[in-house]
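Residue strings, one per chain:
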Amino acid sequence: MQESGSSSTAATGTTSKKQADLQAQYNSYKSTLQQLAQKIGELESEGDEHKLVLETLRPLPGSRKCFRMVGGVLVERTVAEVIPALETNAKGVESVLQQLVKEYKKTEEDMNKWQTKNKVQVVQGP
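Computed from a predicted structure; not experimentally measured. (Residues numbered from 1 in each chain as written. Predicted model: local features only at pLDDT ≥ 70, side-chain atom pairs only at ≥ 80, totals over all residues. Heavy atoms only, no water.)

## Looking at the overall build of the protein chain
- A tally of regular secondary structure across the protein chain gives two helices and two strands.
- When its helices and strands are written in sequence order, the protein chain yields α-β-β-α.
- Counting only residues that meet the buried cut, the protein chain has 20% of its 126 residues in that class.
- By sequence separation, contacts in the protein chain at least 24 residues apart represent 64% of the contacts at least 6 residues apart.
- Of the roughly 9,700 Å² of accessible surface on the protein chain, 53% is carried by carbon and sulfur atoms. (Helix = DSSP H or I, 4+ residues; strand = E, 2+ residues; numbered from the N terminus. Buried < 20%, exposed > 50% of the residue type's maximum accessible area, 1.4 Å probe, protein only. Contact = heavy atoms within 4.5 Å. Areas by Shrake-Rupley, 256 points an atom, 1.4 Å probe, with all protein chains shown as cover.)

Here's what the structure looks like:
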């Protein structure tokens, strides 16, 4: 009889460890998704700022003086010099944003497959 009692305890320990592993994996997926969502939000905001500045500068004469922050230093440039650099930066931000959105969707899909495979059900507290 003692053997069945100890094997029951071992089974409970194994189940408990599996639950802890599943919880850790779930938390990892959620954390990754949250970090990606935060970075996506930051890049969307940065992209909007670039668009607003470009919309403001385009109607102005190219010889007009403007100021631009480069590496924490405010430098004087002309509108004609700044617009191409802003356009390049805006395209770069958009490209990174698209990559992060793809990564978010893939991670979300991986998480859903993982949940299905491991028969994980999310229970949210009150």
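## Describing the nonpolar core
- By size, the foremost hydrophobic cluster in this structure holds eight residues: Leu54, Leu57, Cys66, Val79, Val82, Ile83, Leu86 and Ala90.
- Going through the elements one at a time, helix H1 (2-57) and helix H2 (79-117) are the ones with two or more residues in this core.
- Broken down by element, this core gets its largest block of residues, five residues, from H2.
- Aside from chain neighbours lying at most four places away, what touches Val82 is Leu57, Cys66, Arg68 and Arg77. (Core = buried A, V, L, I, M, F, W, Y, C linked by side-chain atoms within 4.5 Å.)

## Regarding the layout of surface pockets
- Roughly 160 Å³ of internal volume is contained in the second largest pocket.
- Lining the second largest pocket are Val53, Leu57, Cys66, Phe67, Arg68, Met69, Val82 and Leu86.
- At the level of elements, H1, strand E1 (65-70) and H2 are the ones that each hand at least two residues to the lining of the second largest pocket.
- Broken down by element, the lining of the second largest pocket gets its largest block of residues, four residues, from E1.
- Counted by class, the lining of the second largest pocket contains seven nonpolar, no polar and one charged residues. (1 Å grid on protein atoms, 1.4 Å probe; cavity = no way out; pocket = protein on both sides within 12 Å on 5 of 7 lines; lining within 4 Å. Points joined across faces, edges and corners; volume = space filled by probe spheres on them. Nonpolar A, V, L, I, M, F, W, Y, C, P; charged D, E, K, R; others polar.)

## Brief notes about the pairing of E1
- In the sheet, E1 pairs with strand E2 (residues 73-78) via six bridges, with the strands oriented antiparallel. In the strand pairing of E2, Met69 is matched with Leu74.
- Between E1 and E2, which pair antiparallel one after the other, the connecting turn spans two residues, and Gly71 there sits at a positive phi close to 60°. (Pairing = 2+ DSSP bridges.)

## So, the pattern of salt bridges
- If you walk through the whole model with that rule in mind, you get five salt bridges.
- Notably, a salt bridge pairs Glu87 with Arg58, separated by 2.9 Å at the nearest N-O pair. With a gap of 29 residues between them, Glu87 in helix H2 and Arg58 in the loop between H1 and E1 connect regions that are remote in the sequence.
- A residue is classified by how much of its surface remains accessible, and Glu87, at 29% relative accessible area, is partly exposed.
- The salt bridge involving Asp110 is made with Lys106; its shortest N-O contact spans 3.0 Å. (Salt bridge = Lys/Arg side-chain N within 4 Å of Asp/Glu carboxyl O.)

Shape descriptors only; they carry no functional weight alone.
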